[in-house]
Amino acid sequence: MTFEQAQAKCKEYGQEHVLKYFEELTEQQQLALLAQIDATDMSILEACHKKEDIAKKGVITPLAAMELDEIEANRECFTATGIEAIRAGKVGAVLLAGGMGTRLGSDNPKGMYNVGITRELYIFECLINNLMDVVKQADAWIHLFVMTSDKNHEATVSFLKEKNFFGYREEYVHFFMQEMAAATDYNGKIYMESKYQMSTSPNGNGGWFVSMKNNGLLDLIHEEGIEWLNVFAVDNVLQRIADPCFVGATIQKNCVVGSKVVRKAAPDEKVGVMCLEDGKPSIVEYYELTEELMNAKDEKGDPAYNFGVILNYLFKEDELEQMMASNMPLHIVEKKIPYINDKAELIKPEEPNGYKFEGLVLDMIHQLDSCLPFEVVRSKEFAPIKNKTGVDSVESARKLLEENGVQL
Ligand code: UTP
């Protein structure tokens, strides 16, 4: 892209300030900035002026979950179906590890966090150990796709290599990087991180499938005959991955998505809950749940919106390919964004100072026709690490790991 083209693009979106220091940059820096402007989708930034429209939901109605008693009654049969699919190489796993983990506040990728006490036990290691249980049970290796971002790719890859993938077979591990999005102030103006770099952050976990495609991984998926992708977050150390019972239940119920859910601890618990929105599966965030919905009851007299998502979804791969062309909603999230001030000094704010633009994996669910919410026991499968202490923290996850017999 030439300077004139960059100038025209920035003008179109009211972002001319990005070129403010262009004259004083070295040639290499100029080229870097032009390339970044070329690669940046500035059209999405205008969304911050229409935040309210984006947040609008359709008509919400309940979506029944498959509950524990039904799962127990059919466990053997579901598991047999799941194991058969895994043995046939039809199931892949996708680890979402591109996030910044700002709440945990470690400079390293979140997966490198050591949750051990008397020994080293890394988050990545916990997840791989959990996946290995299924590899052993099925006696078949499962392709593991690891999404990283510009900010943590090198560190993630070198750490896992150095640790020999914690015993996982290297040829079954595939890394891919997600895309970045520009970050803005509250008026939608892109922040600069230096005189020649716009501030960016990973574009949310909803872009994982598009990023897999952009990184050429769909060829591998087709060659290997992978039909199902189990997507999961890096931060839940009790995560069951490629769980044969879950896979089998989703297949037997003819659903194109399965979603692991936990029974809410209280009606106002801060988790997104499964529902139908305009008749299609969806997730309503806790802050969107009105008093009326919170107190609504199903025919058994139980709360109608009682099952929270834990970011563990099983997607039918061919459905995702069809969905790719459709536009996913954007989420505008307030975050702390490092930027340079008028004197070109780098400021690292203590409080949120602007917007990040993210696509979320949960929005993919709403594009699809059928979803099986599959209940799991919270104390056995849900130990998220978002913070250092308190709720959903290293502390709470350690306690849960110990309760589940993991030596720390
Ligand atoms: P979170 O919503 O907890 O975000 O991600 P985060 O960036 O990791 O942490 P905070 O909010 O800054 O503290 C949920 C999951 O989605 C992944 C994360 O790595 C985590 O597994 N994720 C998030 C991505 O892979 N890419 C993203 O752009 C955002």
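Residues numbered from 1 in each chain as written. Predicted model: local features only at pLDDT ≥ 70, side-chain atom pairs only at ≥ 80, totals over all residues. Heavy atoms only, no water.

**Student:** Which residues make up the pattern of salt bridges, and what values go with them?
**Tutor:** Under the criterion given, the structure shown has 21 salt bridges. For Lys260, the salt bridge goes to Asp243, with nearest N and O atoms at 2.8 Å. Of this pair, Lys260 sits in strand β10 (residues 257-263) while Asp243 is found in the loop between β9 (228-233) and α9 (244-252), placing the two residues 17 residues apart along the sequence. Note on Lys260: relative accessible area 0%, which makes it buried. (Salt bridge = Lys/Arg side-chain N within 4 Å of Asp/Glu carboxyl O. Helix = DSSP H or I, 4+ residues; strand = E, 2+ residues; numbered from the N terminus. Buried < 20%, exposed > 50% of the residue type's maximum accessible area, 1.4 Å probe, protein only.)

**Student:** An account of the environment of Gly105 is needed here, citing residue identities and associated values.
**Tutor:** Mapped onto the secondary structure, Gly105 falls in the loop between β2 (91-96) and α5 (123-138). Considering only alpha carbons, one finds Gly105 and Lys388, 283 residues apart in sequence, at a separation of 7.8 Å.

**Student:** Please give an account of the pairing of strand β3 (residues 144-148) that cites residues and values.
**Tutor:** In regular strands, side chains alternate between the two faces of the sheet. Within β3, 5 of the 5 residues are buried, which leaves the element mostly enclosed by the surrounding structure. Inspection of the sheet shows β2 paired to β3 by 4 bridges, in the parallel sense. When the bridges of β3 are listed, Leu95 appears paired with Val146. Following the chain from β2 across α5 to the adjacent parallel β3, one finds a crossover that is right-handed. The sheet contact formed by β3 and strand β4 (residues 173-177) spans 5 bridges and is parallel. (Pairing = 2+ DSSP bridges. Right-handed = clockwise from strand over helix to strand, strands pointing away.)

**Student:** Would you mind going over the packing of aromatic side chains in detail, with residue names and values included?
**Tutor:** Tallied over the entire structure, the rule returns 14 aromatic pairs. With centroids separated by 5.1 Å and ring planes inclined at 75°, the aromatic side chains of Tyr122 and Phe159 adopt a geometry described as edge-to-face. Within this pair, whereas Tyr122 is found in the loop between β2 and α5, its partner Phe159 is found in helix α6 (residues 153-162), the two being separated by 37 residues in sequence. An identical accessibility class is assigned to Tyr122 and Phe159; each is buried. On the basis of an interplanar angle of 35° and a centroid distance of 6.2 Å, the ring pair of Tyr122 and Phe166 is categorised as tilted. On the criterion of sequence distance, the pair formed by Tyr122 in the loop between β2 and α5 and Phe166 in the loop between α6 and β4 is long-range, its members being 44 residues apart. In textbook terms, an aromatic cluster arises when at least three aromatic residues are bridged by ring pairs, as seen for Tyr122, Phe124, Phe159 and Phe166. One residue, Lys316, lies across the ring of Trp228, its end atom 5.9 Å from the ring centre. (Phe/Tyr/Trp six-rings, centres within 6.5 Å; stacked < 30°, edge-to-face > 60°. Lys NZ or Arg CZ within 6 Å of the ring centre and 35° of its normal.)

**Student:** Which residues make up the site of the ligand, and what values go with them?
**Tutor:** By nearness alone, 20 residues border the ligand, and Leu96, Thr102, Arg103, Gln178 and Lys386 come closest of all. At 2.6 Å from an oxygen atom of the ligand is found a main-chain nitrogen or oxygen belonging to Leu96. Measuring from an oxygen atom of the ligand, one finds a backbone N or O atom of Val234 at 2.8 Å. Here the ligand loses 90% of its free accessible area of 560 Å² to cover by the protein chains. Taken together, the residues that form the shell around the ligand break down as 8 nonpolar, 8 polar and 4 charged. (Near = heavy atom within 4 Å. Polar contact = N/O pair within 3.5 Å; in protein donor to acceptor, adjacent residues only side chain to side chain. Areas by Shrake-Rupley, 256 points an atom, 1.4 Å probe, with all protein chains shown as cover. Nonpolar A, V, L, I, M, F, W, Y, C, P; charged D, E, K, R; others polar.)

**Student:** Describe the packing of helix α1 (residues 3-12) against helix α2 (residues 27-39), listing the residues and the values that go with them.
**Tutor:** Running from N to C, α1 and α2 point in directions that differ by 45°, and their axes come no closer than 10 Å. Put simply, α1 runs oblique to α2. As α1 packs across α2, the resulting crossing turns out to be left-handed. For the pair α1 and α2, the contacting residues are Phe3, Ala6, Lys9 and Cys10 in the first and Leu34, Ile37 and Asp38 in the second. Of the residues assigned to the contact of α1 with α2, the class counts are 5 nonpolar, no polar and 2 charged. (Axes fitted to C-alpha atoms, helices over the stretch in contact; angles between N-to-C directions. Parallel < 35°, antiparallel > 145°, perpendicular 65-115°, else oblique. Left-handed = near helix turned anticlockwise from the far one by under 90°. Contact = heavy atoms within 4.5 Å.)

**Student:** Break down α1 for me, with residues and values.
**Tutor:** Among the residues of α1, Ala6, Lys9 and Cys10 are the ones counted as buried. For α1, the angular spread of buried residues about the axis comes to 95°, placing them on one side. Away from its buried face, by an angle of more than 90 degrees, α1 presents the exposed residues Glu4, Lys11 and Glu12. Elements that come into contact with the buried residues of α1 comprise α2. A positive backbone phi angle near 65° is found at Gly14, which sits one or two residues after α1. (Arc of directions from axis to C-beta.)

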